[in-house]
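Now for the letters of each chain:
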Amino acid sequence: MKKIHVTSPLLPPIEEFTPYLEKIWESKWLTNNGQFHKQLEQEICDYLGVKHVCLFSNGTLALITALQALRITGEVITTPFSFVATTHSLWWNNIKPVFADIEPDSFNLDPTKVEAAITPNTTAIMPVHVYGNPCNLEAFQQIADTYNLKLIYDAAHAFGVEVNGNSVLNFGDLSILSFHATKVFNTFEGGAIICHDEKMKRHIDDLKNFGFRGETTVVAPGINAKMNEIQAAFGLLQLKYIDAAREKRKTIAETYREALKVVNGIECLHDAPIVKHAYSYFPVLIDKEKYGMSRDQLYEKLIENNIYSRRYFYPLISNFPTYRGLKSSNPDNLSIANDIAEKVLCLPIYPDLSADHIKTIIRIFE
Ligand SMILES: *Cc1c(COP(=O)(O)O)cnc(C)c1O
């Protein structure tokens, strides 16, 4: 049997991509806010229901630039239960990450723990909508307002996620998306910042293009983080398939949930009725005592059967050498995050995952 990975990229038929390439060759316009770039910004705004989108070459540069755009310094409170890029973006801006613990049911940053971690040096909060599950949006906004802090969401997993019909990207000062090959919506590599006003959009667009505004004016020490025309063209094609892909992911999630609910010691996350989910990941928690096998033993057993699940997010960011020395990285401060990181396993979920393969995976659990 061939290897089944945790994800596999959404790739529309190649012949549908060729006409886009021909247009790029014809125009000889390869990057710097070309036609496809402009069109993709507009179509993403319409699709997601957001005001302004600034496209980026990847999500990490979008995060780094978002912090620059808001001139964040000092300390930022964030979660250890995420992909390393969340905290690396702080490091690259000379900002001290302060880790706070997560909630046991959503795996998202816990607002009460965030409030307790605020110091005179705190300037911002950077929560992550982990696995695309929305953070406690009201609580974070309230804390940000009370303490006069900026609020930047790492929404890399939350493309298309809505609460009560409103995109989660409309909350906070800025949100960032990743369009990496492994994400729900991909442009091979890519990313975006979502912002709420024209002035900020212009500022971010300057920053991602060396700080240029016009031909001879440099308004800020910007970086090069532009999305090119091939990426943008692919994004436009990908958008045509994104709803169908989500439906397939949803069906897979429902199949897993239905089958695994009878397996003692395996716990799935549940859909919230007011949330439109993206089904970007399918995490389960393994209770060693009840299930009779540890998470790592199950992970190995799956590999023996050619199933490559992933232990996202293990190890915690706070346990990597770069961050381990921080006071807030102490496991006593992050007991829930450490506990979840030991128990969690993300199962394969992607549009082309066949019903047979899903059955095979479920059988290994039983
Ligand atoms: C993927 C990811 C990123 C980084 O995005 P890239 O586009 O790969 O640079 C940042 N944060 C989280 C939570 C991610 O999952």
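Residues numbered from 1 in each chain as written. Predicted model: local features only at pLDDT ≥ 70, side-chain atom pairs only at ≥ 80, totals over all residues. Heavy atoms only, no water.

**Student:** Help me out: how do you make sense of the sheet that holds strand S7 (residues 162-163) in this one?
**Tutor:** Remark on secondary structure: sheet strands pair via backbone hydrogen bonds, oriented parallel or antiparallel. One open sheet accounts for 3 strands, arranged S8-S7-S12; its pairing is antiparallel. Among the strands making up the open sheet, the edge pair consists of strand S8 (166-167) and strand S12 (275-276). (Pairing = 2+ DSSP bridges. Helix = DSSP H or I, 4+ residues; strand = E, 2+ residues; numbered from the N terminus.)

**Student:** Looking at this structure, I do not really get the packing of helix H9 (residues 242-260) against helix H14 (residues 355-365). What am I missing?
**Tutor:** The axes of two packed helices give the description: the angle between them and the distance between them. Running from N to C, H9 and H14 point in directions that differ by 25°, and their axes come no closer than 11 Å. Relative to H14, H9 is oriented roughly parallel. You can see that H9 and H14 cross each other, and the crossing is right-handed. Seen from H9, the contacting residues are Ile252, Thr255, Tyr256, Ala259 and Leu260; seen from H14, they are Ile358, Ile361, Ile362 and Phe365. Within the contact of H9 with H14, the residues separate by chemical class into 8 nonpolar, 1 polar and no charged. (Axes fitted to C-alpha atoms, helices over the stretch in contact; angles between N-to-C directions. Parallel < 35°, antiparallel > 145°, perpendicular 65-115°, else oblique. Left-handed = near helix turned anticlockwise from the far one by under 90°. Contact = heavy atoms within 4.5 Å. Nonpolar A, V, L, I, M, F, W, Y, C, P; charged D, E, K, R; others polar.)

**Student:** Would you mind going over the pattern of salt bridges with me for this structure?
**Tutor:** Should the charged atoms of two oppositely charged side chains come close, the side chains can pair. Counted by the stated rule, this structure contains 12 salt bridges. One salt bridge connects Lys208 with Asp205, and the closest N-O pair in it is separated by 3.7 Å. Classification of Lys208 as buried rests on a relative accessible area of 5%. Glu258 is the salt-bridge partner of Lys261, the closest N and O atoms lying 3.1 Å from each other. (Salt bridge = Lys/Arg side-chain N within 4 Å of Asp/Glu carboxyl O. Buried < 20%, exposed > 50% of the residue type's maximum accessible area, 1.4 Å probe, protein only.)

**Student:** What should I look at first to understand unusual backbone geometry in this one?
**Tutor:** The phi angle of most residues is negative, glycine excepted, and most peptide bonds adopt the trans form. At the junction of Tyr312 and Phe313, the peptide bond is cis and its omega measures out at 0° in the coordinates. Along the chain, Phe313 falls in the loop between strand S14 (307-308) and helix H12 (321-324). Of note, the bond from Tyr314 into Pro315 is cis; its omega dihedral lies within 30 degrees of zero at -5°. Turning to its location among the elements, Pro315 is positioned in the loop between S14 and H12. We note that Asn164 has phi near 50°; this positive angle belongs to a residue other than glycine. Along the chain, Asn164 falls in the loop between S7 and S8. What makes Asn164 exposed here is its relative accessible area of 60%. Backbone geometry places Phe210, a non-glycine residue, at a positive phi of 65°. Within the element layout of this structure, Phe210 appears in the loop between helix H7 (198-207) and helix H8 (229-239). You can call Phe210 partly exposed: its relative accessible area is 38%.

**Student:** Teacher, can you tell me more about the nonpolar core here?
**Tutor:** The nonpolar side chains of a soluble globular protein tend to be buried with one another. Counting 52 residues, the largest nonpolar core has Leu40, Ile44, Leu177 and Phe179 as its most contacted members. If you list the elements that add at least two residues to this core, you get helix H1 (14-27), helix H2 (35-48), strand S2 (52-56), helix H6 (137-147), strand S6 (150-154), strand S10 (191-195), H8 and H9. Of the residues forming this core, the biggest block, 6 residues, is contributed by H8. For this core, the two domains that each supply at least three residues are domain 1 (14-239) and domain 2 (242-365). Ignoring sequence-local partners within four residues, the contact set of Leu40 consists of Leu55, Phe185, Met227, Ala232, Gly235, Leu236 and Leu239. Among the nonpolar cores identified, the runner-up in size contains 28 residues, and Ala253, Val263, Cys268 and Ile362 belong to it. (Core = buried A, V, L, I, M, F, W, Y, C linked by side-chain atoms within 4.5 Å. Domains from an automatic or database assignment.)

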